[in-house]
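Examining the three-dimensional arrangement
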Amino acid sequence: MPSLVNTEIEAAVKGFLIDQEKMTEVVERMTKEIKMGLAKDTHSRAVIKCFVSHVQDLPTGKERGKYLALDLGGSTFRVLLVNLLSESDVEIVSKSFNFPVTLMSGSGKALFDFLAECLSEFCHYHGLENESLPLGFTFSFPVQQQGLSKGILVAWTKGFSCEGVVGKNVVTLLQEAIDRRGDMKVNTVAILNDTVGTLMSCAYYHPNCRIGLIVGTGSNACYVEKTVNAECFEGYQTSPKPSMIINCEWGAFGDNGVLEFVRTTYDKIVDKVTPNPGKQTFEKCISGMYMGELVRLVVMDMVGRDLMFHGTTSERMQERWSFKSSYISDIESDAPGEYRSCNKVLSELGIVGCQEPDKEALRFICEAVSSRSAKLCACGLVTIINKMNINEVVIGIDGSVYRFHPKYHDMLQFHMKKLLKPSVKFELVVSEDGSGRGAALVAATAVQGKAKL
């Protein structure tokens, strides 16, 4: 442990340090929950819902044509045009739109009208308004799918709380908003989760990709299950197709109390101030939306006990959510004994005149929070790999935490190796543009599937 860190600070973050024994316990408990989510009899009371995605075909590389994609993932909203020209040539044009925060808690109609308006602007700019185009809708919230183009919102997450959407088919709400405008020929043919898009996009280039993982604002994973095990799929016993992508919705793991042994008092404080207290327990221990606030709470606790920053801090630091999760990546990217990025973060937060032990303590706290995130994520991936009972797999990953944290990839790999049987070979691959290319590929398989019928 860093010698400059006060032993009381070490004691305060001890709860974030999960040992091998606890990680094995997390895997065992998660295995049980996933089995409950898959089984018809226990699905209703399962916390890891294991929703059937209705995506049964992985890309063959032969998909062609133009597709639109909408990506509503939390902090961002994008419209994309994906042109699948050949196996190696995929053209993607996209535009990100500023998403007004007011829409996150307004009416559902306002939300979908805004999405349709952005789509219309994009189509007109690219001269697509008279082309009949299929659209894949990446909607990264817990959805119970009743078909490729029918997804019922189960609950809002990631700070959203729009009324009139929970319990409704979001594809219908989007299509109605598009039709209300009457200025484009767009047909929403598929709804998918961003993890499914990530898996599909990665599988286009890596045929062995069987898991999609997101570690960004939120966290979730999906994987390829045998159709006969997907009991909540109506045709699970009779389907001619052997596979079904399962959207785990693993963020809710622990909502029934089974994760209390890895949660800290700081986790409980964060949970209380979110729009969905008691929900998304696993996600709140892992994802970018919460990591920065966890660090801030620990620091404020240490300041209050006169253990950091001479017992004083800035007004900014006292504001909830002011410590961005990206600051963790910045601070941990400094080489040992160097504090260039750390100094920049501290000055942004209005904290001046820090001593080296303070900076060392801040890095130590950041490392405790990010390493727990990576360990829990590793537990989740190991659970899925064991469940699939395979010896070789590619995992497609996306999300800001995975992409930008300097050590996340290595930590994931290290902890997965420790937990998996030595015979299991796995590769972690950044999935390029899963929400775009992935949505297009799901739309393509939907359109081509209909053509076959």
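Residues numbered from 1 in each chain as written. Predicted model: local features only at pLDDT ≥ 70, side-chain atom pairs only at ≥ 80, totals over all residues. Heavy atoms only, no water.

1. Some words on unusual backbone geometry
Even without a glycine there, the phi angle at E249 is positive, about 55°. Relative to the elements of secondary structure, E249 occurs in the loop between β11 (243-247) and α7 (265-272). A positive phi is found at N389, a non-glycine position, where the angle reads about 55°. (Helix = DSSP H or I, 4+ residues; strand = E, 2+ residues; numbered from the N terminus.)

2. A few points about the nonpolar core
F323 and I395 are the most contacted members of the largest nonpolar core, which totals 92 residues. With 17 residues, the top contributor of residues to this core is helix α13 (residues 356-388). What F323 contacts, discounting residues up to four positions off in sequence, is G292, E293, V295, R296, M317, I328, I331, V345, L349, L362 and C366. Of all hydrophobic cores here, the second largest spans 40 residues; its members include L103, L111, F160 and A177. (Core = buried A, V, L, I, M, F, W, Y, C linked by side-chain atoms within 4.5 Å. Buried < 20%, exposed > 50% of the residue type's maximum accessible area, 1.4 Å probe, protein only. Contact = heavy atoms within 4.5 Å.)

3. Quick notes on the domain arrangement of the protein
What the domain assignment lists for the protein is domain 1 (1-53 + 202-431) and domain 2 (57-192). Computed over C-alpha atoms, the centres of domain 1 and domain 2 are 27 Å apart. Domain 1 puts 19 residues into the contact, and the matching count from domain 2 is 22 residues. Taken together, both faces of the contact between domain 1 and domain 2 bury some 1,500 Å²; the carbon and sulfur share is 59%. The interface formed by domain 1 and domain 2 holds one salt bridge in total. Here K241 and D57 are joined by a salt bridge, their closest N and O atoms 2.8 Å apart. Listed by contribution, the elements that provide at least two residues to the side of domain 1 that touches domain 2 are β1 (51-52), α6 (194-205) and β9 (209-215). Tallied by class, residues from the side of domain 1 that touches domain 2 come to 10 nonpolar, six polar and three charged. (Domains from an automatic or database assignment. Buried area = accessible area lost by both parts, 1.4 Å probe. Salt bridge = Lys/Arg side-chain N within 4 Å of Asp/Glu carboxyl O. Nonpolar A, V, L, I, M, F, W, Y, C, P; charged D, E, K, R; others polar.)

4. Some remarks on the side chain of T188
Tracing the backbone through its elements, the reader meets T188 in strand β8 (residues 186-192). Apart from the residues lying within four places of it in its own chain, the contact partners of T188 are L135, F137, S149, V171, L174, Q175 and I178.

5. Examining the pairing of strand β4 (residues 90-97)
Alignment of strand β3 (residues 77-84) against β4, held across eight bridges, turns out to be antiparallel. Each bridged residue has a counterpart across the sheet, and for L84 the counterpart in β4 is V90. Between β3 and β4, which pair antiparallel one after the other, the connecting turn spans five residues. (Pairing = 2+ DSSP bridges.)

6. Focus: helix α11 (residues 325-333)
Among all positions of α11, only S325, Y327, I328, S329, I331 and E332 are buried. Check the buried side of α11 and you find it contacts α9 (288-304), α10 (315-318), α12 (340-348), α13 and α14 (400-404).

7. Brief notes about the side chain of T195
With respect to the helices and strands, the residue T195 is situated in helix α6. Discounting chain neighbours no more than four positions away, the residues touching T195 are G212, I214, N220, A221, C222 and N247.

8. What to know about the sheet that holds β4
Ordered in space as β4-β3-β2-β5-β8, the five strands form an open sheet in which the pairing is mixed. Two strands close off the open sheet at either side, each with one partner strand: β4 and β8. With strand direction ignored, the average angle separating the axes of adjacent strands in the sheet is 20°. The strands that helix α4 (residues 108-125) touches are β2 (65-72), β3, β4, β5 (133-139) and β8; relative to β3, the one it contacts most, it runs at about 45°. (Axes fitted to C-alpha atoms, helices over the stretch in contact; angles between N-to-C directions.)

9. What to know about the packing of α13 against helix α15 (residues 408-419)
Interaxial distance between α13 and α15 falls to 8 Å at its minimum, and their mutual angle equals 50°. Judged on the interaxial angle alone, α15 and α13 are oblique. Here the hand of the crossing between α13 and α15 comes out right-handed. Mapping the contact onto sequence places S370, S371, S373, A374, K375, C377, A378, C379, L381, V382 and I385 in α13 and Y408, M411, L412, H415, M416 and L419 in α15. Looking at the contact of α13 with α15, its residues break down into 12 nonpolar, four polar and one charged. (Parallel < 35°, antiparallel > 145°, perpendicular 65-115°, else oblique. Left-handed = near helix turned anticlockwise from the far one by under 90°.)

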